[in-house]
Amino acid sequence: GPAWVPERAAVTPREIAGYAAAAVAGVEARRSSWTPLNLMAETARATRDLRMASVMDRMLLLDHTRDTALEGLVALHDPAAVHPAHAWRAKWTSPAILDAERTLLAAAAAPTQALANPNLVRAYLAGAVTPPDQRPPTPPMDLPHLTAEQARAIDQTLAQARVVQVLVGPAGSGKTTTLRVLSTIWQRTTDPGTVQALAPSATAAATLQAALGVPCETTAKWLHESTGPAAEQRAQMLQVASAARTAAGTALARDLIVEQQRWTLPRGGLLIVDEASLTDTRTLAELARQADAAGARVLLVGDPAQHDAVGAGGAFGLLARHTRHAELAGLHRYTNTWEAQATLRLRNGDPAALHDY
């Protein structure tokens, strides 16, 4: 074989397979689908620390590693329809991405036992759409005022009873106010009435917690603590503490169980994921699995027309296109009518909206 590095004769097939796996892991962490050029870039990253004897050896290594990686991928194109001169137009994805998308679509169709009392929900909504100065001196006097559209969105969301549900609304449509009322109604009409909220960033999580008055964490923190490294460490410590059979071990085991419960969705609970279009596909799929296992439900909130996730995203848009979802269309943030209309046109990709600005 060619002199891949001065110290040895060749790179082994086992090493090639390892580089290929690293390249696939890198590209599927960033994209839901990719081209051969995307995969080649990840292949170069995966093998960048391996010294080559020549440029030709480097190119042979990249080609071989890329071809090995392609063996385990799923083509999203018709190979017979892609001319060799336009091979860069080919599209690929991985079984892991497809499994995550299937998990979300299945959860969006699966019924859940986490239910709200429909009669109480409608009673609260009827009070919320009544102007505050016209409400009777009984609950829900403390609920923010809702538009009829916002009340319909809440009613539709709570009535569907699916493991994963979607609420779509452009910026300024009153999503936060809607979520505040929905969260309050859920806590008052369900047992145990637990609400947990997640957001993609710490700033967004803090803002959401202040607005809803419920615990809110980042999605990364939740996964780290619920099923990630922190949960694994607690499980190992619990095993050691339980085996110790001492008073200190028993106390530690009790604390570990309580801490893990903090990061576990309760049966009948509601998990709100705000700005869900910014959350990657596999994270949303893992949250759906947790909710399904716990008998809880997940409400994904966002706008598929806004920025997508930094990682492999597109799942929120997929769910918005292929499932029944609640939607807010009216805008309440803008004082000037022209600005509300312009922002909707800009959201839909109409460049003429720029002239209005």
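Residues numbered from 1 in each chain as written. Predicted model: local features only at pLDDT ≥ 70, side-chain atom pairs only at ≥ 80, totals over all residues. Heavy atoms only, no water.

Asks: Just checking my understanding: could you explain a nonpolar patch on the surface for this structure?
Replies: Residues Trp-338, Leu-346, Leu-354 and Tyr-357 make up a contiguous nonpolar surface patch of about 430 Å² in total accessible area. With respect to the element layout, Leu-346 can be found in helix 14 (residues 337-347). According to the relative accessible area criterion, Leu-346 is partly exposed, its value standing at 40%. (Patch = residues over 30% accessible without salt bridge, like charges linked within 9 Å, V, L, I, M, F, W, Y side chains within 5 Å. Areas by Shrake-Rupley, 256 points an atom, 1.4 Å probe, with all protein chains shown as cover. Salt bridge = Lys/Arg side-chain N within 4 Å of Asp/Glu carboxyl O. Helix = DSSP H or I, 4+ residues; strand = E, 2+ residues; numbered from the N terminus. Buried < 20%, exposed > 50% of the residue type's maximum accessible area, 1.4 Å probe, protein only.)

Asks: Honestly, the confidence of the model for the chain in this entry has me stumped. Any pointers?
Replies: For the chain, per-residue confidence averages 88 on the pLDDT scale, and 94% of positions sit at 70 or higher. Residue range residues 1-9 is modelled with pLDDT below 50. Its contacts to residues more than four positions away, or to other chains, number 23 contacts. (pLDDT = per-residue confidence, 0-100. Contact = heavy atoms within 4.5 Å.)

Asks: What am I meant to see in the pairing of strand 3 (residues 164-168) here?
Replies: Regular strands place their side chains on alternate faces of the sheet. Most of strand 3 is tucked away, with 5 of its 5 residues classed as buried. Neither face of strand 3 is open: one carries Val-164, Val-166 and Val-168, the other Gln-165 and Leu-167, and all of them are buried. The pairing of strand 3 with strand 7 (residues 297-302) spans 5 bridges and is classified as parallel. For Gln-165, the partnering residue across the bridge sits in strand 7 and is Leu-299. Pairing analysis gives 2 bridges linking strand 3 to strand 8 (residues 326-327), with the strands arranged parallel. What sits directly across from Val-168, in strand 8, is Glu-327. (Pairing = 2+ DSSP bridges.)

Asks: Please explain the packing of helix 9 (residues 219-226) against helix 10 (residues 229-244) as it appears in this structure.
Replies: Helix-helix packing: each pair is described by the crossing angle between the helix axes and the interaxial distance. As a packed pair, helix 9 and helix 10 sit with axes 4 Å apart at the nearest point and diverge in direction by 20 degrees. In terms of their interaxial angle, helix 9 and helix 10 are classed as roughly parallel. Contacts from His-224, Glu-225 and Ser-226 in helix 9 reach Pro-229, Ala-230, Ala-231 and Arg-234 in helix 10. Residues belonging to the contact of helix 9 with helix 10 are distributed by class as follows: 3 nonpolar, 2 polar and 2 charged. (Axes fitted to C-alpha atoms, helices over the stretch in contact; angles between N-to-C directions. Parallel < 35°, antiparallel > 145°, perpendicular 65-115°, else oblique. Nonpolar A, V, L, I, M, F, W, Y, C, P; charged D, E, K, R; others polar.)

Asks: Help me understand the nonpolar core in this model?
Replies: Where a protein is soluble and globular, its nonpolar side chains tend to be buried together. If you look at the biggest cluster of nonpolar residues, it comprises 33 residues, and the most contacted ones within it are Ile-154, Leu-167, Ile-185 and Ile-272. When residues of this core are traced back to their parent elements, those giving at least two are helix 5 (118-129), helix 6 (148-160), helix 7 (175-189), strand 4 (195-199), helix 8 (202-212), strand 6 (270-273) and strand 7. Counting residues per element, this core draws most heavily on helix 7, at 5 residues. Excluding residues within four positions of it along the chain, Leu-167 makes contact with Ala-153, Thr-178, Leu-179, Leu-299, Leu-300, Val-301, Gly-302, Phe-316, Ala-326, Glu-327 and Leu-328. Grouped together as the second largest cluster of nonpolar side chains are 29 residues, Val-163, Leu-223, Ala-276 and Phe-316 included. (Core = buried A, V, L, I, M, F, W, Y, C linked by side-chain atoms within 4.5 Å.)

Asks: For this particular structure, what's the right way to read the packing of aromatic side chains?
Replies: Any aromatic ring pair is given by two values, namely how distant the centres are and how the planes are angled relative to each other. If you walk through the whole model with that rule in mind, you get 2 aromatic pairs. Between Trp-338 and Tyr-357 the ring centres are 5.8 Å apart and the planes differ by 70 degrees, which places this aromatic pair in the edge-to-face class. One end of the pair, Trp-338, is in helix 14; the other, Tyr-357, is in the segment after helix 15 (353-356), and 19 residues separate them in sequence. When its relative accessible area of 47% is taken as the criterion, Tyr-357 is described as partly exposed. (Phe/Tyr/Trp six-rings, centres within 6.5 Å; stacked < 30°, edge-to-face > 60°.)

Asks: Hey, could you run me through the pairing of strand 7 in this one?
Replies: Taken across its 6 residues, strand 7 has 6 buried, putting it largely inside the fold. Residues Arg-297, Leu-299 and Val-301 of strand 7 are buried on one face, and the alternating residues Val-298, Leu-300 and Gly-302, pointing to the opposite face, are buried as well. Across 4 bridges, strand 6 lies against strand 7 in parallel orientation. Residue pairing for strand 7: Ile-272 is matched across the bridge by Leu-299.

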